[in-house]
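Here is what each chain is made of, one letter per residue.
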Amino acid sequence: METTKKLTHTFYQNLGKLFYAIAASDNQVRQTEFNKLKALVKSNWLDMDPLVDEFGTDAAYEIEIVFDWLNAQQALNVNTCFNDFVTYKNAQPHLFTPEGKKLILKTAHAVADAFSGINKSELILLAKLDLELKK
């Protein structure tokens, strides 16, 4: 019998934290980074699973919602957001399939590259993410 990995709202919320941390690692989130994230959510994340919220909206949109909320707050630490994601990943390793890890890395790289390429602070965080996902 094959077990099904059910993604949760918390999974998507932590992805929002991660992608925010990548975009904000240079102390500024640009609209092009958020636009890239929104495009990737629509083209890649909506088909991950059938999970919806209480309003019938695909739960993958929580990635955007959390990202946007964190950006509006502008008071949350990039390292805290990244570490929250890592803590969640370590607590729920069964949710992080090889395909999911590839998509996380693809999205993180695309967000970082969305504005003038990947800078040093983004590169460092992307390397840390790559190492975490290989564990």
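Residues numbered from 1 in each chain as written. Predicted model: local features only at pLDDT ≥ 70, side-chain atom pairs only at ≥ 80, totals over all residues. Heavy atoms only, no water.

Some words on helix H2 (residues 31-45)
Now for step 1: In this model H2 runs 20 Å from its N-terminal to its C-terminal C-alpha over 15 residues, within 8% of the 21 Å that 1.5 Å per residue would give.
Now for step 2: Listed in full, the buried residues belonging to H2 are Glu-33, Phe-34, Leu-37, Leu-40, Val-41 and Trp-45. Seen from one end, H2 has its buried residues packed into an arc of 120°, which puts them on one side.
Now for step 3: Elements in contact with the buried residues of H2: helix H1 (9-24), helix H3 (61-73), helix H5 (98-113) and helix H6 (120-134). (Helix = DSSP H or I, 4+ residues; strand = E, 2+ residues; numbered from the N terminus. Expected span 1.5 Å × (residues − 1). Buried < 20%, exposed > 50% of the residue type's maximum accessible area, 1.4 Å probe, protein only. Arc of directions from axis to C-beta. Contact = heavy atoms within 4.5 Å.)

Focus: the pattern of salt bridges
Now for step 1: Overall, the coordinates contain five salt bridges when judged by the stated rule.
Now for step 2: For the salt bridge of Lys-89 with Glu-132, the shortest nitrogen-to-oxygen distance reads 3.9 Å. Taken together, the residues Lys-89 in helix H4 (residues 78-91) and Glu-132 in helix H6 connect sequence positions 43 residues apart.
Now for step 3: The buried category is assigned to Glu-132, whose relative accessible area is 13%.
Now for step 4: The closest approach of N and O atoms between Lys-134 and Asp-130, which form a salt bridge, is 3.2 Å. Pair noted here: Lys-134 and Asp-130 are both in helix H6, with a separation of four residues, about one helical turn.
Now for step 5: Looking at Lys-134, the relative accessible area reads 63%, which means it is exposed. (Salt bridge = Lys/Arg side-chain N within 4 Å of Asp/Glu carboxyl O.)

Some remarks on the packing of aromatic side chains
Aromatic rings in a pair are described by how distant their centres are and how their planes are angled relative to each other.
Now for step 1: Inspection of the entire model under this criterion finds seven aromatic pairs.
Now for step 2: Between Phe-34 and Phe-67, the aromatic rings sit 5.2 Å apart at their centres with planes inclined by 10°, giving stacked as the arrangement. Taken together, the residues Phe-34 in helix H2 and Phe-67 in helix H3 connect sequence positions 33 residues apart.
Now for step 3: Exposure remark for Phe-67: the relative accessible area of 0% places this residue in the buried category.
Now for step 4: The structure contains a cluster of three or more aromatic residues connected by ring pairs, namely Phe-11, Tyr-12, Phe-85, Tyr-88 and Phe-96. (Phe/Tyr/Trp six-rings, centres within 6.5 Å; stacked < 30°, edge-to-face > 60°.)

Points about the packing of H4 against H6
Now for step 1: Between H4 and H6, the shortest axis-to-axis distance is 11 Å and the interhelical angle comes to 10°. One way to sum up the angle between H4 and H6 is to call them roughly parallel. Along the contact surface, H4 presents Val-78, Asn-79, Phe-82, Phe-85, Val-86, Lys-89 and Asn-90, while H6 presents Leu-125, Lys-128, Leu-129, Glu-132 and Leu-133.
Now for step 2: Looking at the contact of H4 with H6 residue by residue, the class counts come to seven nonpolar, two polar and three charged. (Axes fitted to C-alpha atoms, helices over the stretch in contact; angles between N-to-C directions. Parallel < 35°, antiparallel > 145°, perpendicular 65-115°, else oblique. Nonpolar A, V, L, I, M, F, W, Y, C, P; charged D, E, K, R; others polar.)

Topic: the layout of surface pockets
Now for step 1: Counted as a void, the largest pocket has a volume near 210 Å³.
Now for step 2: In terms of lining, the largest pocket is formed by 10 residues, of which the most central are Leu-7, Met-48, Thr-97, Glu-99 and Gly-100.
Now for step 3: Class assignment of the residues belonging to the lining of the largest pocket gives a composition of four nonpolar, two polar and four charged. (1 Å grid on protein atoms, 1.4 Å probe; cavity = no way out; pocket = protein on both sides within 12 Å on 5 of 7 lines; lining within 4 Å. Points joined across faces, edges and corners; volume = space filled by probe spheres on them.)

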